[in-house]
Every structure is written in structure tokens, then in C-alpha cells.
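# Working through the structure, step by step
The primary structure of each chain is shown beneath.
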Amino acid sequence: MPVLLNPYLTLTGTAREAMTLYQSVFGGELSVMTYGDMGAEGDLASLVMHSQLTSPDGVALMASDIGPGEVVDHGTTVRLSLSGDDEDRLRGWFEALAEDGEVHVPLEKQAWGDVFGQCVDRFGIIWLVNIGSAGTPG
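Here is a short report on the structure shown in this document. It should be emphasised that the depicted structure is a prediction, and the values quoted were computed from it without experimental measurement.

Calculation rules
Once a new chain begins, its residue numbering starts again from 1 and follows that chain's sequence as written. Given that this is a predicted model, residues contribute local features only at a pLDDT of at least 70 and side-chain atom pairs are listed and counted only at 80 or more, while totals for whole chains, interfaces and linings are drawn from all residues. Excluding hydrogens and water, the side-chain figures rest on all heavy atoms present in the structure. Strands are runs of DSSP state E lasting at least 2 residues, helices are runs of H or I lasting at least 4, and numbering of each runs from the N terminus. Under the scheme applied here, a residue whose accessible area is under 20% of the maximum for its type counts as buried, over 50% as exposed, and between as partly exposed, the area being computed with a 1.4 Å probe on protein chains only. Two strands qualify as a pair provided DSSP detects at least 2 bridges between them. With axes taken as lines fitted to C-alpha atoms, and helix axes fitted only over the stretch in contact, angles between N-to-C directions fall between 0 and 180 degrees. One less than the number of residues in a helix, times 1.5 Å, gives the span that helix is expected to have. What the arc describes is the spread of directions from the helix axis to the C-beta atoms. Whether two residues are in contact is decided by their heavy atoms: any pair within 4.5 Å suffices. Remark: nonpolar core denotes a set of buried residues (Ala, Val, Leu, Ile, Met, Phe, Trp, Tyr, Cys) joined through side-chain atoms within 4.5 Å. A carboxyl oxygen of Asp or Glu within 4 Å of a side-chain nitrogen of Lys or Arg is what we treat as a salt bridge.

### Points about unusual backbone geometry
One non-glycine residue with positive phi stands out, namely Asp100, at about 65°. Within the secondary structure layout, Asp100 lies in the loop between helix H2 (87–98) and strand S6 (102–109). Owing to a relative accessible area of 60%, Asp100 belongs among the exposed residues under this scheme.

### Overview of the sheet that holds strand S3 (residues 48–54)
Across the sheet, 4 strands lie side by side as S1-S4-S3-S2; this open sheet has mixed pairing. Among the strands making up the open sheet, the edge pair consists of strand S1 (8–11) and strand S2 (29–34). The mean inter-strand angle of the sheet, taken between neighbouring strand axes irrespective of direction, is 15°. Sheet topology places S2 next to S3; 6 bridges connect them, and they run antiparallel. For Glu29, the partnering residue across the bridge sits in S3 and is Thr54.

### Describing H2
The terminal C-alpha atoms of H2, which comprises 12 residues, lie 16 Å apart, in line with the 16 Å expected from a rise of 1.5 Å per residue. Of all the residues in H2, the buried ones are Glu87, Leu90, Trp93, Phe94, Leu97 and Ala98. Buried residues in H2, looked at end-on, bunch into an arc of 135°, giving them a common side. What points out from H2, more than 90 degrees from its buried face, is the exposed set Asp88 and Glu95. Where the residues of H2 are buried, they touch helix H1 (15–26), strand S5 (80–84), S6, strand S7 (115–120) and strand S8 (126–131).

### Quick notes on the nonpolar core
Formed by 29 residues in total, the largest nonpolar core has its most connected members in Tyr22, Phe26, Leu61, Leu82, Leu97, Ile125 and Trp127. Those elements giving two or more residues to this core turn out to be S1, H1, S3, strand S4 (60–65), S5, H2, S7 and S8. Take this core: its biggest share by element is 7 residues, from H1. Residues within four places of Trp127 in sequence aside, it is in contact with Tyr22, Phe26, Leu61, Leu80, Leu82, Leu97, Gly117, Gln118, Cys119 and Asp121.

### Considerations on the pattern of salt bridges
Overall, the coordinates contain 5 salt bridges when judged by the stated rule. Here Arg89 and Asp57 are joined by a salt bridge, their closest N and O atoms 2.9 Å apart. Highlighted residues: Arg89 in helix H2 and Asp57 in the loop between S3 and S4, separated in sequence by 32 residues. Of the residues examined, Arg89 reaches a relative accessible area of 39% and is grouped as partly exposed. The exposure class of Asp57 is partly exposed, given its relative accessible area of 39%. We note a salt bridge from Arg89 to Asp86, for which the minimum N-O separation is 3.8 Å.

### A look at the environment of Val3
Summarising the element assignment, Val3 is placed in the segment before S1. Val3 sits 34 residues away from Asp37 along the chain, and the two C-alpha atoms are 28 Å apart.

Now the structure itself:
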């Protein structure tokens, strides 16, 4: 098995909702394990202990809800980047991720020749989308 590097998101009670959105955007298989699946009871039981999304396009994300005593600081040190030359697919993903979120940089042709945009989804996750010039009309 090759070594893989996957983004792992830590959310505050919205991991299932976020991963369900990402599955609706990217497709693929989503697996979810709750704290309750591991024997926890009460409010903690319904929270996501671990989830994983693997799409046919190679998008792989993992996520969980914070556990007891943990704190999430939504900073800007990690951003998720999607790149390719399938303009229709990447534009669709950008629009779906930006829905109920905020567009920081609209998808537009940039000085380097590609179409690029940046948005924050409704869960506070920053997404960068770069559409290679092969996928954009000249």
C-alpha cells in the first residue's frame, strides 16, 4: 500500500453534516464511526469519532468532531486545494462549496493564465480551486 497524505478536519459537532455535503459535491464512499459505536453514551454518542470520504476523482478527506475537553481554533494555516483541467467539474465543486459560505476570490482568470478562486464553506473550511489553462478557453 502506498503512503497517503489526507486532510483531516476537526469540527465542532458538524462533522457528519460537513462530510455529507462533501460527499454530495465529490461523490464517492463515506464511512462514519460515532463515539457511540465505540460505547460512549449521552450527547457524545452521536458525534463523529472518525469519518472518511474517498471519491472516484481521487478526493480523500477525513473528519471528526472534537472530543471532550478539546478545543478547535479555526485558523487559516490549512487550506484545501483542488486543481485540474476539468473546468465544468471544478466550477461545480466551487459553487457547491461556496453555497451558504463566502467567496473570497471569485473564480476568474489570473495573471498566471489559470482560473482560480477561493471560498470558505459554511463549516469554516477554506477551499482553493485552480483550473488549469488547458481547461479554459483562450
